[in-house]
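# Report on the structure
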Amino acid sequence: MQLLNGKDVAAFHGKRIARQIQVVREKKGIDPELAIVVVGDDAPSVMYAASMKRTAESVGLNARICQEKEGVGEDELLLLIDRLNEDPAVFGILLMMPLPKSIDSQRIINRIDSSKDVDGLTDANIANLYTGREGFVPCTPQAVMAILDYYHISLSGKEVVIIGRSHVVGKPLAQLCLSRNATVTVCHSRTNDLKAVCQRADVIMAAVGKAGLVTGDMIKPGAVVIDVGINRVNGKTVGDVAFEDAALRAGAITPVPGGVGAVTTMMILENVVCGIARTDTIL
Ligand code: NAD
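### Re the side chain of asparagine 271
Structurally, asparagine 271 is set in helix 10 (residues 260–279). Residues within four places of asparagine 271 in sequence aside, it is in contact with Val118, Phe136, Val137 and Gln142.

### Thoughts on the layout of surface pockets
Empty space within the largest pocket amounts to approximately 1,500 Å³. Around the largest pocket, the lining comprises 50 residues; the ones closest to its centre are Tyr48, Thr140, Val169, Ile230 and Thr264. Among the secondary structure elements, those contributing two or more residues to the lining of the largest pocket are helix 2 (43–58), strand 4 (90–95), helix 4 (105–111), helix 5 (123–131), helix 6 (139–150), helix 7 (170–179) and helix 10. Looking at the lining of the largest pocket, its residues break down into 27 nonpolar, 15 polar and 8 charged.

### Side note on the site of the ligand
Neighbouring residues of the ligand: 20 residues in total, closest Thr140, Arg165, Ser166, Ile230 and Thr264. Between arginine 165 and the ligand, the recorded distance is 2.8 Å, taken from a backbone N or O atom to an oxygen atom. One of the side-chain N or O atoms of serine 166 is found 2.5 Å from an oxygen atom in the ligand. Out of a free accessible area of 860 Å², the ligand has 70% covered by protein chains. Split into classes, the residues belonging to the shell around the ligand amount to 9 nonpolar, 9 polar and 2 charged.

### Quick look at empty space enclosed by the protein
All chains considered together, the criterion is met by 1 cavity of 30 Å³ or more. Computed from the structure, the largest cavity encloses a volume of approximately 50 Å³. Lining of the largest cavity is provided by Ile93, Leu94, Leu95, Ile109, Ile112, Asp117, Asp119 and Leu121. When the residues that make up the lining of the largest cavity are grouped by side-chain class, the tally is 6 nonpolar, no polar and 2 charged.

### Side note on helix 2
Over its 16 residues, helix 2 extends 23 Å from the first C-alpha to the last, a length consistent with the 22 Å expected when each residue adds 1.5 Å. Of the residues making up helix 2, those classed as buried are Ser45, Ala49, Met52, Thr55 and Ala56. Seen from one end, helix 2 has its buried residues packed into an arc of 130°, which puts them on one side. When the buried face of helix 2 is taken as reference, the exposed residues oriented beyond 90 degrees from it are Met47, Arg54 and Ser58. Those residues of helix 2 hidden inside the fold are in contact with strand 2 (33–39), strand 3 (62–68), strand 4 and helix 10. Note on helix 2: the residue one or two positions beyond its end, glycine 60, has a positive phi of about 85°.

### With respect to the side chain of histidine 13
As for its position among the elements, histidine 13 is in helix 1 (residues 6–28). For histidine 13, a relative accessible area of 12% corresponds to the buried category. Of the polar contacts made by the side chain of histidine 13, one reaches the side chain of arginine 16; its length is 2.6 Å.

### Topic: the packing of aromatic side chains
Per the stated rule, a full pass over the model turns up 2 aromatic pairs. Here a set of aromatic residues connected by ring pairs shows up, and it is made of Phe12, Tyr150 and Tyr151. Directly above the aromatic system of phenylalanine 136 lies the positively charged group of arginine 278, at a separation of 4.7 Å from the ring centroid.

### Let's talk about the nonpolar core
With 55 residues, the main nonpolar core has Leu34 and Met205 as its most contacted residues. With 9 residues, helix 10 is the single largest residue contributor to this core. Among residues more than four places away in sequence, those in contact with leucine 34 are Met52, Leu61, Asn62, Ala63, Arg64, Gly92, Ile93, Leu94, Val118, Ile268, Leu269 and Val272. Listed in part, the 19 residues of the second largest apolar core include Cys66, Leu99, Ile103 and Ile108.

Calculation notes
- Each chain has its residues counted from 1, running along the sequence as written.
- Per-residue local features of the predicted model are confined to residues with pLDDT of at least 70, and side-chain atom pairs are confined, for both listing and counting, to 80 or more; whole-chain, interface and lining totals are unaffected and use all residues.
- Note that the side-chain values use all heavy atoms of the structure and ignore hydrogens as well as water.
- Starting at the N terminus, helices and strands are each numbered in turn, a helix being any DSSP run of H or I of at least four residues and a strand any DSSP run of E of at least two.
- Should any heavy atoms of two residues lie within 4.5 Å, those residues are counted as being in contact.
- With a 1 Å grid spanning the protein atoms alone, the term cavity applies to any set of points in which a 1.4 Å probe fits but cannot get out, the term pocket to an open set with protein on both sides within 12 Å along at least five of seven lines, and the term lining residue to any residue with an atom within 4 Å of a point.
- Grid points are joined across faces, edges and corners, and a volume is the space filled by probe spheres set on the points.
- The nonpolar class holds Ala, Val, Leu, Ile, Met, Phe, Trp, Tyr, Cys and Pro. Asp, Glu, Lys and Arg form the charged class, and all remaining residues, Gly among them, are polar.
- By convention in these notes, a residue is near a molecule or strand provided one of its non-hydrogen atoms lies within 4 Å of it.
- Here a polar contact is taken to be a pair of N or O atoms separated by no more than 3.5 Å, where protein atoms must pair a possible hydrogen donor with a possible acceptor and residues adjacent in sequence count only if both atoms sit in side chains.
- Here the Shrake-Rupley method, with its probe set to 1.4 Å, supplies the accessible areas, and only the displayed protein chains count as covering residues.
- Expected span of a helix: the number of residues minus one, times 1.5 Å.
- The buried label goes to any residue with under 20% of its type's maximum accessible area, the exposed label to any with over 50%, and the partly exposed label to all in between, with areas taken from a 1.4 Å probe on protein chains only.
- The directions from the helix axis to the C-beta atoms form the arc being described.
- Here is the rule: rings of Phe, Tyr and Trp (six-membered ring for Trp) pair when centre to centre is within 6.5 Å. Planes less than 30 degrees apart are stacked, more than 60 are edge-to-face, and the remainder are tilted.
- Any Lys NZ or Arg CZ that is within 6 Å of a ring centre and within 35 degrees of that ring's normal is treated as a charge sitting over the ring.
- Here, nonpolar core means buried Ala, Val, Leu, Ile, Met, Phe, Trp, Tyr and Cys residues that are tied together by side-chain atoms lying within 4.5 Å of each other.

None of the figures reported here should be taken as evidence of function without further support.
And the structure:
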């Protein structure tokens, strides 16, 4: 059984991204920035923003946290996005979700210039993904692909079963697998016999948010298991896959923590660099 180590994948991409940012700075005199917009004091959002800033700075990318108060109006938020869209130093805008319930999230997201939408959430980038045009892909599905690439795991002709159909993970993941010529099945809370569907999978990707949902008996011997889930159980972070049990059957498996999550933030930075490359031929 091979452990698919997300930390190694993140380190590999981190080194490359750091080199590219250095080239941009030295050869072009551009000091690129990532703007992270946080609304209110939702603890996970504040923590994620701070960790994103640290990761960005670790590869030499400036990160600006734009902290807005909980009661900020939609118009005020739209103005902030407009200012960031127009700021030539800003190459990526990351909006921490969820936004307060009083705010129409999709309206704010869609105000982000699609060329700075490094989380791939604008309607324009969603359309790009589904039509196979160049654009930004949400960072978690992209992290899954980065792990498969790093370990030379091809999806062509494989039966891939994705558990979860959210807009940010399950659905874009299905599209990326299709674009790699996999035969894709998407399961969800109303799937009748999850075990039977999973048992035929060459690759299982779990993105649900339920600890222990995928057990060893659901895994075809030798299958690749990608665990996207993040759950807190008795003070510990675990995925959706019962790891010990699954590792006995899987051919390769991602751990939690240290799997997909370790690569996700790096993919945002990867997208910032891609955005710079699209506006300039330096990279
Ligand atoms: P979500 O709540 O939006 O979607 C969960 C999906 O799971 C839904 O489509 C639902 O139909 C499905 N589901 C629920 N119960 C099910 C069941 N019993 N059987 C089959 N399907 C079931 O969640 P999300 O935002 O897609 O996140 C999914 C998980 O991935 C969460 O644990 C989240 O914390 C984690 N996550 C991890 C990363 C990362 O970087 N590793 C990033 C984003 C989300």
